[in-house]
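This is what each chain is made of:
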Amino acid sequence: MFKRILRGSLLLALLSGLTMSAVLAEIIRYAEVDQTRPADAAIVLGAGAWGTNPSPVLRERLNHAIALYEQGLVEKLIFTGGIGRRSRLSEAEVSRRYAVARGVAEADILLDGRSTNTIENLANARTVGLRNGLETYLLVSTPYHMKRAMWIAADLDMEAFSSPTRTIRWISTATRRRAIVQETASFLVHVWRRFTPDYARVIRSESTAAPLS
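A few points on the structure. (Residues numbered from 1 in each chain as written. Predicted model: local features only at pLDDT ≥ 70, side-chain atom pairs only at ≥ 80, totals over all residues. Heavy atoms only, no water.)

Evaluated as defined, the whole model comprises eight salt bridges. Between arginine 96 and glutamate 93 there is a salt bridge; the shortest N-O distance is 2.7 Å. With arginine 96 and glutamate 93 both in helix α3 (residues 91–101), this residue pair falls three residues apart, about one helical turn. Residue arginine 97 is joined to glutamate 93 by a salt bridge in which the shortest nitrogen-to-oxygen separation is 3.0 Å. Of this pair, arginine 97 and glutamate 93 both sit in helix α3, four residues apart, which is roughly one turn of the helix. A relative accessible area of 41% places arginine 97 in the partly exposed class. (Salt bridge = Lys/Arg side-chain N within 4 Å of Asp/Glu carboxyl O. Helix = DSSP H or I, 4+ residues; strand = E, 2+ residues; numbered from the N terminus. Buried < 20%, exposed > 50% of the residue type's maximum accessible area, 1.4 Å probe, protein only.)

Here helix α5 (residues 146–155) crosses helix α6 (residues 173–193) at 20°, and the two axes come no closer than 10 Å. In this view, α5 runs roughly parallel relative to α6, as classed from their interaxial angle. The hand of the α5/α6 crossing is left-handed. Where α5 abuts α6, its residues Lys147, Arg148, Trp151, Ile152 and Asp155 lie against Glu183, Ser186, Phe187, His190 and Val191. Of the residues assigned to the contact of α5 with α6, the class counts are four nonpolar, two polar and four charged. (Axes fitted to C-alpha atoms, helices over the stretch in contact; angles between N-to-C directions. Parallel < 35°, antiparallel > 145°, perpendicular 65-115°, else oblique. Left-handed = near helix turned anticlockwise from the far one by under 90°. Contact = heavy atoms within 4.5 Å. Nonpolar A, V, L, I, M, F, W, Y, C, P; charged D, E, K, R; others polar.)

Keep in mind these values describe shape, not function.
Set out below in structure tokens:
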């Protein structure tokens, strides 16, 4: 009996390791995908605000989205993210102030100031887009985040394309590796959540939501 349990445990550990390795490799591969093209809007996924300033990661996402806007690839910018522990302002509002200070017209900025995770970022941004007659989107985030974000966008029936920022600077190789491992874990959790009734209910209700007037 003990040997059976041991063999079973070793097999489970092996399968888990192989699965994690395969997912990690796919996240790294997809990080190189760039589908940037003309679209109605760029959606900037939230990444934290420090007081009235965007976190370094969010700042680089914002710089990328502003560049897309300045190049005429998008007409609108949708900023996402609610109020975190380090700020009294929502990430979306901090992003708006940052973009306006750099020449983006306020009329071209749309906000979702309630979301707290990637699913909510995209679901709420989609609702904002429907309200404003937007149909196509560039998703702006860090490269390792793109695979999961694009999966969620597909579940929401969004016509979305990957446009990762390339300006993120890692403090060290260890920091970069930790970010990849963390995203791999988040991706595996997301895969599990996709098969739960609650996820299906949320996605179904969001993806069939009518435009709000």
